[in-house]
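Examining the three-dimensional arrangement
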Amino acid sequence: ANSFMASTGLGYLTKAEIEELNLPIKKTIPFQAPRKSDIFIGREDTIATCEHELKNGSIVVLTGQPGIGKTALATLVAHSLKSFFQDGVIWCSCETNSPLSILHQIAESYGEVLPLNATEKEASLLCRSLIYDKKALFIFDGVTRDTPLELLLPNSSLSGVLITSAFHDVEYSKYGTLIKLQAFTDSESQALFTSLIPKKIIVKSSKALKKLSQEVGNLPLALHILAKQIILHLDEDQLVQLVNQPTKLASLYSSLELCYVNLPKKAQQVLRSCAIFEGANFSFEAVKSICKFSTRACEENIETLIQYSLLEQIKENKFALHPMVKRFLRGKKMHLRSYKNLTHYYIAFMNRYQSDADYFLQMAPEVENIIGLIRTCIDSSLENELCDLWKLFGAYYWHVGPWRDFMDISSKIYEIAKKNNNNELLLSICLEEVSRLYYYDGNITQACAKAREGLELA
């Protein structure tokens, strides 16, 4: 009913209309926060402030450098307030998703589908009308300078909003309470090491550990990674040697590099494969398809990466990388073969599921990953794989939009298909896709030109 009403420009049904029409309402209570860490050190005052402000329907903004622990703190607060926000916790990853896809995600979290051709502003208005009476916690993680918060924030005082951002030069104070996270103190760093590292190493190497903490600026993520490195690889003598070596460890990247070079080669390969995905998370099967490892070998190496705190398991079969780890890995050489393998995986994935009733549900979590893969293929030499992928994904994306993105991608693929004389794909683009979009946009001349081109090809 809401989809039909929205398509006429009248917006969603009001609460009074739903009650008067006696419509059945499917009650869903989403909880989308990542799994809470078993170990969390300090930040007690910050946590208390966040919980107090959010319970009062305020907006809280956490800022701080990458690796400072913003996402970990937001995750802890989300789990702590789960029972308070009776309509759920919505987690939106802003660094890896477009504003429009976030708005679609929020709507889908409550069982609604926004109009496929809605602009960001239209989707924002509809989304706000949907959640205006919801007592929910909205977490916008990894907000960038380009994130249009004014379109994403709910307009209800019932909801709490928690924003995390690594950018200090944005005027966030206008939105609500601004909290700038600082690096750990020496005592907090020591507490983290004590909770992770065997006591005998702590006792023998306390001075070396303190110096090591200071070398990485007491950054929580760097400390966590180094602690796992110490547990799995370094004895007391090696630890002292590490602290006294001439190369500086004064950055998170240096800590990551130290950990990366000590990984088994297959674990390195799996980790690099994880950095290919543009979406917020990815599946075990997709990683396995890139590496071409056996199921057991892939599982063992993923478990190794989780032990090192380089990879996070979101839920069964789903994993995620910290944005800083992903940036670090993209400085490593990525083989075209990996992208080629992933393209073949998604082609097989769509062929397998496209006749199923739940095809659209199966596809939804993969859209951002597939779009990122397509854009990489456009800029590389994987033209044949790209055309085969678009034959299937283009048909799906046509139905779910957003159409403006669809037009941008299909226009680029049109040029590639034309260069490769791929008439079957050209015919599909001209007749079934682009000509209709030109028509819907009112550009009749272009619509006719593409239709004629398609007819000539036919």
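Coordinates for the structure precede this section.
This report concerns the structure included in the present document.

Basis of the calculations
- Residues numbered from 1 in each chain as written.
- Predicted model: local features only at pLDDT ≥ 70, side-chain atom pairs only at ≥ 80, totals over all residues.
- Heavy atoms only, no water.
- Buried < 20%, exposed > 50% of the residue type's maximum accessible area, 1.4 Å probe, protein only.
- Helix = DSSP H or I, 4+ residues; strand = E, 2+ residues; numbered from the N terminus.
- Contact = heavy atoms within 4.5 Å.
- 1 Å grid on protein atoms, 1.4 Å probe; cavity = no way out; pocket = protein on both sides within 12 Å on 5 of 7 lines; lining within 4 Å.
- Points joined across faces, edges and corners; volume = space filled by probe spheres on them.
- Nonpolar A, V, L, I, M, F, W, Y, C, P; charged D, E, K, R; others polar.
- Salt bridge = Lys/Arg side-chain N within 4 Å of Asp/Glu carboxyl O.
- Polar contact = N/O pair within 3.5 Å; in protein donor to acceptor, adjacent residues only side chain to side chain.
- Axes fitted to C-alpha atoms, helices over the stretch in contact; angles between N-to-C directions.
- Parallel < 35°, antiparallel > 145°, perpendicular 65-115°, else oblique.
- Pairing = 2+ DSSP bridges.
- Phe/Tyr/Trp six-rings, centres within 6.5 Å; stacked < 30°, edge-to-face > 60°.
- Core = buried A, V, L, I, M, F, W, Y, C linked by side-chain atoms within 4.5 Å.

1. Describing helix H15 (residues 284-291)
For H15, a buried count of six out of eight residues is recorded, marking the element as mostly surrounded by other parts of the structure. Inspection of H15 places Phe-284, Ala-286, Val-287, Ser-289, Ile-290 and Cys-291 among the buried residues, and these make up the whole buried set. On its buried side, H15 packs onto helix H14 (265-274), strand E6 (282-283), helix H16 (295-307), strand E8 (318-320) and helix H18 (336-353). Just past H15, the residue Lys-292 takes up positive phi, approximately 65°.

2. Points about empty space enclosed by the protein
Under the definition given, this model contains two cavities of 30 Å³ or more. Considered class by class, the residues forming the lining of the largest cavity number three nonpolar, two polar and one charged. Considered as a void within the structure, the second largest cavity measures approximately 30 Å³ in volume. Taken together, Asp-186, Ser-189, Gln-190, Leu-209, Lys-210 and Ser-213 make up the full set of residues lining the second largest cavity. Broken down by secondary-structure element, the contributors of at least two residues to the lining of the second largest cavity are helix H8 (186-196) and helix H10 (206-215). Among the residues forming the lining of the second largest cavity, the class breakdown is one nonpolar, three polar and two charged.

3. Some details on the environment of Ala-48
Among the structural elements, Ala-48 can be located in helix H3 (residues 44-55). For the pair Ala-48 and Glu-300, spaced 252 residues apart in the sequence, the C-alpha separation amounts to 39 Å.

4. Here we look at the pattern of salt bridges
All told, the structure shown has nine salt bridges when counted by the stated rule. The partner of Lys-134 in a salt bridge is Asp-133, and the shortest N-O contact between them spans 3.9 Å. Taken together, the shared-partner salt bridges in this structure form one network comprising Arg-375, Asp-408 and Lys-412.

5. As for the side chain of Asn-369
Within the secondary structure layout, Asn-369 lies in helix H20 (residues 367-378). Using a relative accessible area of 2% as the deciding quantity, one classes Asn-369 as buried. Only 3.4 Å separates the side chain of Asn-369 from the backbone nitrogen of Glu-278, close enough to count as a polar contact. Of the polar contacts made by the side chain of Asn-369, one reaches the backbone nitrogen of Gly-279; its length is 2.6 Å.

6. Describing the packing of H14 against H16
Where H14 contacts H16, the axes come no closer than 9 Å and their chain directions differ by 80°. With respect to H16, the element H14 is oriented roughly perpendicular. Two secondary-structure elements touch here, H14 through Lys-266, Ala-267, Val-270 and Leu-271 and H16 through Asn-301, Ile-302 and Leu-305.

7. Points about the pairing of strand E2 (residues 89-93)
By the criterion of burial, E2 is predominantly enclosed, with five of the five residues buried. A two-sided burial pattern is seen for E2, the buried positions comprising Val-89, Trp-91 and Ser-93 on one face and Ile-90 and Cys-92 on the other. Two elements, E2 and strand E3 (residues 137-143), share five bridges in a ladder whose sense is parallel. In the sheet register, Ile-90 faces E3, and the bridge partner there is Phe-138.

8. Topic: the packing of aromatic side chains
Applying the stated criterion across every chain yields a total of 13 aromatic pairs. An angle of 85° between the planes, with centres 5.0 Å apart, marks the rings of Phe-84 and Phe-85 as edge-to-face. Accessibility expressed as a relative area gives 1% for Phe-85, which makes it buried. On the basis of an interplanar angle of 80° and a centroid distance of 5.9 Å, the ring pair of Tyr-359 and Tyr-396 is categorised as edge-to-face.

9. Some thoughts on the sheet that holds E2
Pairing in this open sheet of five strands is parallel, and the strands run E2-E3-E4-E1-E5 from one edge to the other. Looking at which strands have only one partner, the edges of the open sheet turn out to be E2 and strand E5 (177-180). Mean inter-strand twist for the sheet, computed between neighbouring axes without regard to direction, equals 15°. Direction of pairing for strand E1 (residues 59-63) relative to E5: parallel, over a ladder of four bridges. In the strand pairing of E5, Thr-63 is matched with Lys-180.

10. Remarks on the nonpolar core
One finds Tyr-346, Ile-374, Trp-390 and Phe-393 to be the most contacted residues of the largest nonpolar core, which totals 75 residues. In this view, Tyr-346 contacts Phe-277, Glu-366, Asn-369, Ile-370, Leu-373 and Leu-389; residues no more than four positions away in its chain are not counted. Ile-47, Leu-137, Leu-162 and Leu-226 belong to the second largest nonpolar core, which has 38 residues in total.

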